[in-house]
Amino acid sequence: MATASLQKIDILKIREQFPILHQQVNGKPLIYFDNAATSQKPKSVIEKLNDYYLGYNANIHRGIHTLAEKATHAFEETRKSLQHFIHSPSAEQIIFTKGVTESINLLAQSYAKTFLNAGDEIIISGLEHHSNIVPWQLACQVTGAVIKVIPVLPDGTLDIESYHQLISDKTKLVAVNHASNSLGTINPIKEIISKAHTVGAVVLIDGAQAGAHLPIDVQTLDCDFYCLAGHKMYGPTGVGALYGKKELLEKMPPYQGGGEMIKEVSFAKTTYNDLPYKFEAGTPNIADVIAWKAAIDFIQDLGKENIAAHEHELLHYATEVVGNIPGVTLVGTAQEKVSVLSFIIKNIHPFDVGQMLDARGIAVRTGHHCTQPLMDHFGIEGTIRASFAVYNTKDEIDALAESLKRIINFLS
Ligand code: C6P
């Protein structure tokens, strides 16, 4: 990243846009370090949600009245924003879903069940969230395909040499995350994608933890599918997107049947709608899709590279001040990480630490983070995870470190 062009983030100004941060929790100022689970929402997102419900609530793509047209226009504007955000060749290649979980299930149910056969192989990695494991297991039960797993090295990076050995003519699909939610590891997805393409396999990238932090260019990456979740990138819950290459989306059958995904229905036969509507059956989450645009604008106005530089500084600082506390062991020490700090404390259960931090107003996530196989790999039940966003500060990290020292003193 070229530091010369980076702009310093004005944290105070940013924090003004997040009213939720200005509260006391358990008598202490809230420190929100659970951003990998879901980030907070700026006022612009909340206002956009309100504007829709107060001013132009209507169903979309159906009515010809003014409110319906206004709502349809706003809904489609988000699709266009996402198109530019990930550099998709067209807006019709962006399908709205409930989130990353639904995007992956859509692919597993539609693509995998249709195009995979007994003995075919799906490669995932040891760093995957349950959302990128279970849908493939479901597809394998029906197709007879089998799952192969890229092993994880002690620092929390993927064993890419093993990946190269796993790839064969049997590989039909590779599904890995862009960044790990539990450890923060950023995966070498460009290399993973190009290797998969040498055997004609398609590649899905789970971008849940990348949306707010990493540059995403689906054309440069040449990925076949890419998933995003609105709520992890300052947007509302209940909305996500699936990007796909047009020729693949066109040959895939619908995931769900219902209104809007059809051109003509008779009792004998149905013809399906064009992309993206073929995959968007039923009334979608209109308000939240519309408000998601304000979140994308928020990220773009600040500049993703400026956000990433600030978060990188926070991660670096937290790695030093938390990592050096006696009794703390960091889990996941890759060179390339998004702003996730996972750790365990000798002889203290992560859950107890989470509760005691909460009593001090500090919100972290504890447990397996929906990555049980990864925790098993490290032989631990779970970790304490502090994950940072653009509105977090070094002072907050100092408060975390101070609290951890007190908790360790108190419990040992
Ligand atoms: N991880 C976390 O605390 P949904 O819930 O569908 O928006 O996203 C699922 C998901 C898929 N992949 C990755 C890499 C993820 O991090 C998540 C969500 C949250 O880590 C909630 S479990």
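The structure reproduced in this document is the subject of the present report.

**Quick look at the pairing of strand 8 (residues 202–206)**
Link 1 in the chain: Most of strand 8 sits inside the fold, with five of its five residues counted as buried.
Link 2 in the chain: Burial of strand 8 is two-sided: the residues Val202, Leu204 and Asp206 facing one way and the residues Val203 and Ile205 facing the other way are all buried.
Link 3 in the chain: Examined bridge by bridge, strand 7 (residues 171–177) and strand 8 share five bridges and lie parallel to one another. From the neighbouring strand, Leu173 faces strand 8, where its bridge partner is Val202.

**Looking at the site of the ligand**
Link 1 in the chain: Surrounding the ligand, one finds 17 residues, the nearest of these being Thr101, Asp206, Gln209, Arg365 and Arg385.
Link 2 in the chain: Between Asp206 and the ligand, the recorded distance is 2.6 Å, taken from a side-chain N or O atom to a nitrogen atom.
Link 3 in the chain: One of the side-chain N or O atoms of Arg385 is found 2.8 Å from an oxygen atom in the ligand.
Link 4 in the chain: If the ligand stood free it would expose 510 Å²; the protein chains cover 87% of that surface.
Link 5 in the chain: Looking at side-chain class alone, the shell around the ligand contains six nonpolar, seven polar and four charged residues.
Link 6 in the chain: Residue-level mapping places the shell around the ligand at the junction of two domains, with at least three residues from each of domain 1 (11–41 + 303–411) and domain 2 (46–300).

Parameters at a glance
Residues numbered from 1 in each chain as written. Predicted model: local features only at pLDDT ≥ 70, side-chain atom pairs only at ≥ 80, totals over all residues. Heavy atoms only, no water. Buried < 20%, exposed > 50% of the residue type's maximum accessible area, 1.4 Å probe, protein only. Helix = DSSP H or I, 4+ residues; strand = E, 2+ residues; numbered from the N terminus. Pairing = 2+ DSSP bridges. Near = heavy atom within 4 Å. Polar contact = N/O pair within 3.5 Å; in protein donor to acceptor, adjacent residues only side chain to side chain. Areas by Shrake-Rupley, 256 points an atom, 1.4 Å probe, with all protein chains shown as cover. Nonpolar A, V, L, I, M, F, W, Y, C, P; charged D, E, K, R; others polar. Domains from an automatic or database assignment.

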